[in-house]
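# Structure assessment
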Amino acid sequence: MDSILVKGGGELRGKIPIAGAKNACLTLMPATLLSDEPLTLTNVPRLSDIATMTQLLQSLGAEVSSLQDGQVIVMSSRDAENPVADYEIVRKMRASNLVLGPLLARHGKAVVSMPGGCAIGARPMDLHIHGLEAMGATIELKDGYLHAEVPGGLRGADITLRFASVGATENLMMAATLAKGTTVISNAAREPEIIDLAKCLSAMGAQIDGAGSPSITIQGVDRLTGATHPVLPDRIELGTYMLAPVIAGGEVELLGGRIELVAAFCEKLDEAGISVTETTDGLKVSRRNGRVSAVNVRTEVFPGFPTDLQAQMMALLCTAEGTSVLEETIFENRFMHAPELMRMGAQIDVQGGTATVTGVDRLKGAPVMATDLRASVSLILAGLAAEGETVVSRVYHLDRGYEQVVRKFNGIGAQIERIKS
Ligand code: UD1
């Protein structure tokens, strides 16, 4: 298994282009199943999760071709006749569950393995299931697979989500585009990826109102057409790289970055003494003074502080002045990076969903292990400012969500290399 060697020290300066959003792309791709006509996505990030979704769609009978070095994908589901999403592919990535709604809308039947993904919590599927049941489907769990059926086709329904789940909102929105009648999703997720999905589905002829608000109304239509849609910038990649010059010193411009994608995160950076300014091409980030101040962070659904930036923020706060309290409210097991950061000299006390971080002057390089996607990049960030060398193993997690990570960090002067095993 490959690892990444990070040599700490040295300021970072330069520009980093931000790729298209992984999480948006993983929900836009299954939307192809809703139409017989081609769906083209541009600004696609080149990641192993995208390759996994490609493989899954192909296994369902869709044609997926990749152009311009993977930055454009053209999908056609005209001959997608297989409603079975196999465990061997689904287990690699939880977002595979996003084919459930589209398959059911298309075939009136879907057999989808219960997903795997990052080991950051239980991550059940009840909200997806209850929503689709409200639309007339019967769903049973057999042999690790969800067997869903709706012989007369999906019907519009009023659905109130117990929790504003991103995936459930996306699955239900896609299913509702072809249902008979009107669906209203209340307590819907409001993440920018939901708005992006609504834009794409609307370009395909769907009738959707309210995406980005807690109440989304979808008027079902008979069929959807093809479309071409640019994937929005990845706000988590953006937030991650914004922290690089803060942790290591220097100033970096994030090309394509927009404050509204990371507003709650920017508020915390401001509180910690970090300057974020808008430029014509993106965002520029640097420390205002010497050392960053401790801040308290509580993860929340959008527009709150994103759980997907919690690990990276913790890496920053390890060397902040004072004590920070990080509260994780979205996933129950998302502090696996804490013991690894402690191997580098961080002072962290984890009690349930709360981590108390007391800043130290400097971290020390150490061999550490990536435990999930965002945890892995937090260890690289920590390594940038640490004394000596940090070796992050199990970097396959990184390949799932960070395009050309070594090249991007090296482009701003970091000393990082991938060690092939
Ligand atoms: C998406 C993102 C992920 C991000 C998360 C929260 C994708 C591909 N992934 O994941 O990067 O961390 O949003 O912003 O977009 N839950 C239930 N029942 C359900 C569904 C979810 O209880 O049926 C719970 C989960 O266990 C979790 C919480 O809701 O505790 C959030 O999950 P959800 O918003 O669904 O996240 P994902 O869509 O899986």
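Counting restarts for each chain: residues are numbered from 1 in the order of the written sequence. Only residues with pLDDT of 70 or above have their local features reported here, since the model is predicted, and side-chain atom pairs are shown and tallied only from 80 upward, although totals for entire chains, interfaces and linings are computed over all residues. To get the side-chain values, take all heavy atoms of the structure and skip hydrogens and water.

## Observations regarding the domain arrangement of the chain
The test is simple: Domain extents, as shown, originate in an automatic or database domain assignment. Residue contacts are defined here by distance: any two heavy atoms, one from each residue, within 4.5 Å place the two residues in contact. Two parts placed together each lose some accessible area; with a 1.4 Å probe, that loss summed over both constitutes the buried area. Salt bridges are counted wherever a side-chain nitrogen of Lys or Arg sits within 4 Å of a carboxyl oxygen of Asp or Glu. Side-chain atoms alone can form a polar contact between residues adjacent in sequence; in general such a contact is a pair of N or O atoms within 3.5 Å, and within protein one must be able to donate a hydrogen while the other accepts it. Every helix listed is a DSSP run of H or I at least four residues long, and every strand listed is a run of E at least two residues long, numbered separately from the N terminus.
Assigned domains within the chain: domain 1 (3-19 + 233-419) and domain 2 (22-230). With 23 residues of domain 1 in contact, the opposing surface of domain 2 contributes 22 residues. Surface buried jointly by domain 1 and domain 2 totals about 2000 Å² across both partners, of which 53% is contributed by carbon and sulfur atoms. The largest share of the area that domain 1 buries against domain 2 comes from Phe302, Arg400 and Glu403, three residues that together contribute 33% of it. Here domain 1 is connected to domain 2 by three salt bridges. At the junction of domain 1 with domain 2, the criterion picks out seven residue pairs in polar contact (both at pLDDT 80 or more). The set of elements that each furnish at least two residues to the side of domain 1 that touches domain 2 consists of helix H12 (373-385) and helix H13 (396-401).

## Observations regarding the pattern of salt bridges
As a reminder, the rule being used: To sort residues, take the accessible area from a 1.4 Å probe on protein chains only and compare it with the maximum for the residue type: under 20% means buried, over 50% means exposed, and anything in between is partly exposed.
For the structure shown, the criterion picks out 22 salt bridges. In this structure, Arg162 and Asp126 form a salt bridge, with 2.5 Å as the shortest nitrogen-oxygen distance. A residue pair is termed long-range when its members are at least 10 positions apart, and Arg162 in the loop between strand E10 (158-160) and helix H6 (166-177) and Asp126 in helix H5 (residues 126-134) qualify at 36 residues. Residue Asp126 is classed as partly exposed on the basis of its relative accessible area of 24%.

## Some remarks on the environment of Pro151
By the secondary structure assignment, Pro151 is in the loop between strand E9 (145-149) and E10. Accessibility expressed as a relative area gives 76% for Pro151, which makes it exposed.

## Quick notes on the sheet that holds strand E4 (residues 63-67)
The line we're drawing: For two strands to count as paired, DSSP must find a minimum of two bridges between them. The axes used here are C-alpha line fits, helices contributing only the stretch in contact, and every angle between their N-to-C directions lies in the interval 0 to 180 degrees.
Read across the sheet, four strands follow the order E4-E5-E3-E14 without closing on themselves; strand pairing throughout is mixed. Only two strands of the sheet have a single partner each, and these edge strands are E4 and strand E14 (227-230). The mean angle between the axes of side-by-side strands here comes to 15 degrees, regardless of whether they run parallel or antiparallel. Examined bridge by bridge, strand E3 (residues 39-42) and strand E5 (residues 72-76) share three bridges and lie antiparallel to one another. Residue pairing for E5: Leu41 is matched across the bridge by Ile73. The strands touched by helix H7 (residues 192-203) within the sheet are E3 and E14, with E14 carrying the most contacts at an inclination of about 160 degrees.

## A short note on empty space enclosed by the protein
Note the cut-off: Only protein atoms enter the calculation, which uses a 1 Å grid: trapped sets of points that fit a 1.4 Å probe without letting it out are cavities, open sets showing protein on both sides within 12 Å along at least five of seven lines are pockets, and any residue with an atom within 4 Å of a point is a lining residue. Grid points are joined across faces, edges and corners, and a volume is the space filled by probe spheres set on the points. Under the convention adopted here, Pro, Cys and the residues Ala, Val, Leu, Ile, Met, Phe, Trp and Tyr are nonpolar, Asp, Glu, Lys and Arg are charged, and Gly plus all remaining residues are polar.
Counted by the stated rule, this structure contains two cavities of 30 Å³ or more. Reported here for the largest cavity is a volume of approximately 50 Å³. Elements with a contribution of two residues or more to the lining of the largest cavity: helix H1 (22-28) and helix H8 (235-248). Across the lining of the largest cavity, the residue classes break down as two nonpolar, one polar and five charged.

## Quick word on the sheet that holds strand E8 (residues 138-142)
Taking strand neighbours across the sheet as the criterion, the four strands line up as E6-E7-E9-E8 in an open arrangement whose pairing is mixed. Of all strands in the sheet, those with a lone pairing partner are strand E6 (84-85) and E8, marking the two edges. Relative to strand E7 (residues 109-113), E6 runs parallel, the two being bridged by two bridges. Considered in E7, the bridge of Ala85 is made with Val112.

## Section: the layout of surface pockets
Considered as a void within the structure, the second largest pocket measures approximately 250 Å³ in volume. For the second largest pocket, the lining is made up of 17 residues, of which Ala105, Arg106, Leu178, Asp222 and Arg223 are closest to its centre. Each residue belonging to the lining of the second largest pocket can be placed in one class, and the counts come to nine nonpolar, three polar and five charged.

## Examining the side chain of Thr307
Mapping Thr307 onto the fold places it in the loop between strand E18 (297-298) and helix H10 (310-317). Those residues within four positions of Thr307 in sequence are excluded, and the remaining contacts are Thr299, Glu328, Ile330, Phe331 and Arg334.

## What to know about the nonpolar core
Where we set the bar: For our purposes a nonpolar core is just a set of buried Ala, Val, Leu, Ile, Met, Phe, Trp, Tyr and Cys residues, chained together by side-chain atoms within 4.5 Å.
Counting residues in hydrophobic clusters, the biggest one holds 76 residues, and the most contacted among them are Leu41, Leu57, Val99, Met135, Met173 and Leu201. It is H6 that contributes the most residues to this core, six residues altogether. Beyond its immediate stretch of four places on either side in the chain, Leu41 contacts Cys25, Leu28, Met29, Gln71, Val72, Ile73, Met75, His229 and Val231.

## Comments concerning the site of the ligand
Note the cut-off: We call a residue near a molecule or strand when any one of its heavy atoms sits within 4 Å of it. A 1.4 Å probe and the Shrake-Rupley method give the accessible areas. Residues count as covered only by the protein chains that appear here.
Taken together, 19 residues lie near the ligand, and Asp126, Leu127, Ser165, Asp308 and Ile330 sit nearest. In the model, an oxygen atom of the ligand is placed 2.8 Å from a nitrogen or oxygen of the Val166 main chain. With respect to the ligand, the backbone of Ile330 contributes an N or O atom lying 2.5 Å from an oxygen atom. In the complex, 88% of the free accessible area of the ligand, which totals 740 Å², lies under the protein chains. Elements represented by at least two residues in the shell around the ligand include exactly H5 and H6.

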